[in-house]
Amino acid sequence: MELTLILKLLIYLFLCAGVQCVHQIPWLPCEFTDEHVFVNNEGHTETQLIHREAMLQFGQQGDAPVNPHAITFLVTGSKLDLRRYIEGAEAEQLECGLRRYSTAGIHVRWPVQAAQEYNRWFSCTLKHTKGLFTVTGFLRHPSDQPPSGQQDYRSWSAIEDREILTTIATMVIKTQTPSVKAGLGSQQKLHCQFAIDHKGPNITVEWHWQHRGERIRLFSHTSRSGKTQGTGVGLKSLAGGDASYTLPFTKMSSEGSYMCSVSVNPLLVSLDISLHIEEPPRVSLNVGPTLTLQEDGEQKVICEAESYYPLDVEIVWYEQDPAVSGQRVGAPLPKVLENVLLSSHKHNQDKTFSLSAFFYLKASLRASGRQFTCSVSHQSLRVPIRKSFILTVEEPSSWMFAFTVGFIVVILVGILYLMLPYLYAARKKSAAKKPY
């Protein structure tokens, strides 16, 4: 058996060498989350989750298991091929999870040709490790055993460690936008597509928005009645399995979790799409590219980060000699300024935030030519925004000193000239009063 497994692996690697053959993935390792439902000592129903090794294997009924030591979910041919919905990904980029699915006591014969009367249901979720998509499919395991007459989760059929479950893919739903980051005022399309293995089912498609405990239905459509409520989904595209929802103008209130759900009795599947608002900061300095000061002069320098969201932002001031900043090897690291003060966060009317970082720059000749840089980091930015200026420090010049002294002398002479008539009159009056 080990030799057979190795041979299959070698054949697979040979066929896929140099090409992308994701559609031909023959199997995927999965985690099967089994459930053990029991009544505890206090009379309450509890569910114990059991994580078991499993394989999702594509093939034909009667195929030998790739891993005989694991539970094998053998997916045989149908109108739906789960591998079609994971094209473009490598096998090692996929996370596979399997679970039992409860129909909550509802028994419906699945309306496909040659289907057996009874079924056991399983859900299979395939996620791309880089968040490129999420796919959930239903696997139908035909059975000749009728339901027990109670909730199915209270009487799950035992599955052995090496059991082979021959299944058929019956329904699938996929999103290529499991997590969306959007700026304010942008249009966003939340992707959701689905497929059923037979025509003419009574399908209900719904979209809900949920945030901080609030839940609102945005859209619903039932194919049998043709009844539609809400907007955002095109009915023509919906007929072809495209249930994508369009947000025409994102606002702060658009943030939250969006749920695309598709139900075909007795199945209901839902995919969550998280929408995060991210608005990058606008960064500005209150000085120009060059700041000129006299020696011992002082200037308040402000770096302003405005209109960003969410709250967390980092503002750092650096000082560096621009002559060595371009050196790739041996250049000293920029010095982080320690005397920087932060303002309090300003909450703007559009619910964005603003923050400033400032310091008092006292000019000295040794700092002349230094470059001061404000670096702003935020989760909406791939790289920080940097704004810089060069400091130029000037000595008080001799002509300025002479001009200042001359100006003072002129002022004093002017004052004296204006005071002389009063002094002369006062002296004459004083002389007239003297007795002879």
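These numbers were taken from a predicted model, which means no experiment stands behind them.

A. Region of the structure containing the packing of aromatic side chains. As enumerated under the stated definition, the model contains 14 aromatic pairs in all. Between Phe32 and Phe122 the ring centres are 6.3 Å apart and the planes differ by 65 degrees, which places this aromatic pair in the edge-to-face class. In this pair, Phe32 sits in strand E1 (residues 27–39) while Phe122 sits in strand E5 (residues 118–128), placing the two residues 90 residues apart along the sequence. You can call Phe32 buried: its relative accessible area is 0%. Phe122 sits in the buried class, given a relative accessible area of 1%.

B. Summary view of the confidence of the model for the protein. Taken residue by residue, the protein gives an average pLDDT of 87. The fraction at 70 or more is 86%. Across residues 1–23 the pLDDT falls below 50, and counting only partners more than four positions away or on other chains, this stretch makes 20 contacts in the model.

C. Structural detail: a nonpolar patch on the surface. Taken together, the side chains of Phe407, Ile408, Ile411, Leu412, Ile415, Met419 and Tyr422 present a nonpolar region at the surface, about 740 Å² in accessible area. Relative to the helices and strands, Tyr422 resides in helix H4 (residues 398–432).

D. A look at the side chain of His128. Mapped onto the elements, His128 comes out in strand E5. Only 3.0 Å separates the side chain of His128 from the backbone nitrogen of Lys130, close enough to count as a polar contact.

E. Up close: the sheet that holds strand E15 (residues 256–264). Judged by pairing direction, the sheet is mixed, and its six strands sit side by side in the order E8-E16-E15-E11-E12-E13 without closing on themselves. Edge positions in the sheet fall to strand E8 (179–182) and strand E13 (228–230), since each has one partner strand and no second. Ignoring which end each strand starts from, the neighbouring axes of this sheet average 20 degrees apart.

F. Expanded view of the pattern of salt bridges. Evaluation of the coordinates by the stated rule reveals eight salt bridges. A salt bridge links Asp81 to Arg83; the nearest nitrogen and oxygen atoms lie 3.3 Å apart. Taking relative accessible area as the criterion, Asp81 reaches 23% and is therefore assigned partly exposed. In this structure, Glu319 engages Arg370 in a salt bridge whose closest nitrogen and oxygen atoms are separated by 3.3 Å. Placement of Glu319 in strand E20 (residues 314–320) and of Arg370 in the loop between strand E24 (353–362) and strand E25 (371–377) is noted, with a sequence separation of 51 residues between them. Given the relative accessible area of 14%, Glu319 is considered buried.

G. Looking closely at the state of the cysteines. In the structure shown here, the tally under the stated rule is three disulfides. At a sulfur-sulfur separation of 2.0 Å, the disulfide partner of Cys192 is Cys260. With the S-S dihedral at roughly -70 degrees, the linkage between Cys192 and Cys260 falls on the left-handed side. You can see Cys192 sitting in the loop between strand E9 (188–190) and strand E10 (193–196) and its partner Cys260 sitting in strand E15, a full 68 residues away along the chain. The exposure class assigned to Cys192 is buried, which follows from its relative accessible area of 0%. Residue classification places Cys260 among the buried positions, given a relative accessible area of 1%. Linked covalently through their sulfurs, Cys303 and Cys374 form a disulfide whose S-S length is 1.9 Å. Its S-S torsion of about -70 degrees marks the bond between Cys303 and Cys374 as left-handed, since a negative value means left-handed. Residue Cys303 is found in strand E19 (residues 298–308), and its partner Cys374 is found in strand E25; the two are separated by 71 residues along the sequence. Cys374 shares its class with Cys303; the two are buried. Not part of a disulfide, Cys124 finds its nearest cysteine sulfur in Cys96, a span of 4.2 Å.

H. Quick peek at the sheet that holds strand E18 (residues 290–294). The strand order across the open sheet built from five strands is E18-E26-E25-E20-E21, with neighbouring strands paired in mixed fashion. Edge strands, defined here as strands with exactly one partner in the open sheet, are E18 and strand E21 (335–336).

I. Highlighting unusual backbone geometry. That bond from Asn265 to Pro266 is cis: its omega, 15 degrees, falls within 30 degrees of zero. Among the structural elements, Pro266 can be located in the loop between E15 and strand E16 (267–277). For the bond running from Tyr309 to Pro310, omega is 0 degrees, close enough to zero to count as cis. By secondary structure assignment, the location of Pro310 is in the loop between E19 and E20. Located in the positive-phi region is Ser307, a residue other than glycine, with phi close to 55 degrees. By relative accessible area, Ser307 is classed as buried at 16%. The phi angle at Lys351 is positive, at roughly 75 degrees, despite the residue not being glycine. On the secondary structure map, Lys351 appears in the loop between strand E23 (346–347) and E24.

So, how was this worked out
- Residues numbered from 1 in each chain as written.
- Predicted model: local features only at pLDDT ≥ 70, side-chain atom pairs only at ≥ 80, totals over all residues.
- Heavy atoms only, no water.
- Phe/Tyr/Trp six-rings, centres within 6.5 Å; stacked < 30°, edge-to-face > 60°.
- Helix = DSSP H or I, 4+ residues; strand = E, 2+ residues; numbered from the N terminus.
- Buried < 20%, exposed > 50% of the residue type's maximum accessible area, 1.4 Å probe, protein only.
- pLDDT = per-residue confidence, 0-100.
- Contact = heavy atoms within 4.5 Å.
- Patch = residues over 30% accessible without salt bridge, like charges linked within 9 Å, V, L, I, M, F, W, Y side chains within 5 Å.
- Areas by Shrake-Rupley, 256 points an atom, 1.4 Å probe, with all protein chains shown as cover.
- Salt bridge = Lys/Arg side-chain N within 4 Å of Asp/Glu carboxyl O.
- Polar contact = N/O pair within 3.5 Å; in protein donor to acceptor, adjacent residues only side chain to side chain.
- Pairing = 2+ DSSP bridges.
- Axes fitted to C-alpha atoms, helices over the stretch in contact; angles between N-to-C directions.
- Disulfide = S-S within 2.5 Å.

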